[in-house]
Amino acid sequence: MRFMMLCLLLHAAPVTPVAAASLPVSEPVAEPVSPETRARLLRREVAQVALAQVRAPDAAWQPAQRDCAGLIRYAFRTAYRRVASERLSTPLWKDTRGEPSDFADAETLLVRNFTALGRDTATREALRTGDVVAFRQEHDAGPVFHLMLVVRPEDRAHAPARVVYHPGEAGASVRTGVLESLATEAPLEWRPVPANAAFLGFFRFKEWMS
């Protein structure tokens, strides 16, 4: 019930203004670009791909891969394919042993592929598109990791930061909502705040740390 309340809370926020006004469609990049330009284009593509899944999942995103970690893998891989396809000559992720891999589950993404940024309000306000909000929920069968992808317009005055995520259940839809609403209105176990023991923190892709 609490997870359903979270889904309703986040899914209620409109997505169109962020996607259309702040994240214009871009074409694949054919010419070499500077590292700063490439990073900006990659973030923009990650946002576009993630938000597109809210409206309807791409056919290229295999149903068996549709969960919270799968959304991140798909958004990043598609962004690299459009902007910097040469990076995909080797797998984008690291597995549990730290070896290159096309697959990494939610826990492995955090441990091997992303770097912890912090858990406080200042960190939350400094998040960028492609960063991740991570939770670890305890269940009788063992811990379950859950990831939400951050989408933040380049012009921060234009629209608030959002989270985009797949709830994990087969056949479920990708959802989105305002990050600030998640921090202030969601059930405590889903709030990205220090008082929530289930909140692991905010994370950034290691290759984007520079």
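Residues numbered from 1 in each chain as written. Predicted model: local features only at pLDDT ≥ 70, side-chain atom pairs only at ≥ 80, totals over all residues. Heavy atoms only, no water.

1. Here's the deal with the environment of Y165
- Mapped onto the elements of the fold, Y165 is located in strand β6 (residues 162-165).
- Assessed through its relative accessible area of 0%, Y165 is described here as buried.
- Distance from Y165 to M148, taken between C-alpha atoms, is 4.8 Å for residues 17 residues apart in sequence. (Helix = DSSP H or I, 4+ residues; strand = E, 2+ residues; numbered from the N terminus. Buried < 20%, exposed > 50% of the residue type's maximum accessible area, 1.4 Å probe, protein only.)

2. A look at the nonpolar core
- By size, the foremost hydrophobic cluster in this structure holds 39 residues, and its most contacted members are I72, F76, Y80, W93, F114 and L147.
- Only α3 (35-55), α4 (68-83), α5 (106-113), β4 (132-139), β5 (142-151) and β8 (199-205) provide two or more residues apiece to this core.
- With 10 residues, the top contributor of residues to this core is α4.
- In this structure L147 touches C68, I72, A106, L109, L110, V132, V133, A134 and Y165, once residues within four positions along its chain are discounted. (Core = buried A, V, L, I, M, F, W, Y, C linked by side-chain atoms within 4.5 Å. Contact = heavy atoms within 4.5 Å.)

3. Considerations on the sheet that holds strand β3 (residues 114-118)
- Ordered in space as β3-β8-β4-β5-β6-β7, the six strands form an open sheet in which the pairing is antiparallel. The open sheet terminates on both sides in strands that have one partner only, identified here as β3 and β7 (175-178). Here the average twist between neighbouring strands, direction ignored, is 35°.
- Relative to β7, β6 is paired through four bridges, and the arrangement is antiparallel. Across the sheet, the residue bridging to Y165 is R175, located in β7.
- Across the sheet, α3 is in contact with β5, β6, β7 and β8; its angle to β5 comes to roughly 115°.
- The sheet contacts of α5 involve β3, β4, β5 and β8, and relative to β5 the element is tilted by about 70°. (Pairing = 2+ DSSP bridges. Axes fitted to C-alpha atoms, helices over the stretch in contact; angles between N-to-C directions.)

Purely geometric numbers; function is a separate question.
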